[in-house]
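Residue-level structural notes
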Amino acid sequence: MLIVIEGVVTPNKQKFRPSDWAEMLMEGVGLAHFGQNHKIHYENDVEPATTDGYASIILDEALSQTHPEAFAEILRFADENHLHRFMKEGSISHATGQS
């Protein structure tokens, strides 16, 4: 199961700022790094996305086992900032060659 955290503040539907909050948060909790090719790479159970026009983070529930502190910090951040969160079926598929 996937957890989607949208960069929209509930209940008034304001766009959360800054627009790169998702990437900054994932890097801040240690789920992103720059590879040898100087491109950013994310851990397997998390990815940035855009949903309904909002910057978002998609988390696989497995992240709670592989990176429990980062998982908890992302959920805490979402709760404290009143970001819209929902569950959906699926899996995260990264392009090959990332690490």
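Our subject is the structure listed above.
Residues numbered from 1 in each chain as written. Predicted model: local features only at pLDDT ≥ 70, side-chain atom pairs only at ≥ 80, totals over all residues. Heavy atoms only, no water.

1. Structural notes on the pairing of strand β1 (residues 2–9)
Remember that side chains alternate between the two faces of the sheet whenever the strand is regular. Stated formally: Burial classes follow relative accessibility: with a 1.4 Å probe on protein chains only, a residue under 20% of its type's maximum area counts as buried, one over 50% as exposed, and anything between as partly exposed. The helix and strand labels rest on DSSP assignments: H or I over at least four residues marks a helix, E over at least two residues marks a strand, and numbering proceeds from the N terminus. Two strands form a pair only when DSSP identifies at least two bridges running between them.
Of all eight residues in β1, eight are buried; the element is thus mostly enclosed. Of the two faces of β1, the one holding Leu2, Val4, Glu6 and Val8 and the one holding Ile3, Ile5, Gly7 and Val9 are both buried throughout. Pairing between β1 and strand β6 (residues 54–60): five bridges, direction antiparallel. For leucine 2, the partnering residue across the bridge sits in β6 and is aspartate 60. Pairing of β1 with strand β7 (residues 83–88) involves six bridges; the strand directions are antiparallel.

2. Brief notes about the environment of aspartate 45
Our working definition: In this analysis, two residues are considered to be in contact whenever any of their non-hydrogen atoms come within 4.5 Å of each other.
Along the polypeptide, aspartate 45 turns up in the loop between β4 (40–42) and β5 (46–51). Taking the relative accessible area as the measure of exposure, aspartate 45 reaches 17% and is therefore buried. Leaving out residues up to four positions away in the same chain, aspartate 45 has contacts with Ile58, Leu59, Asp60, Ala62, Leu63, Thr66 and Ile92.

Purely geometric numbers; function is a separate question.
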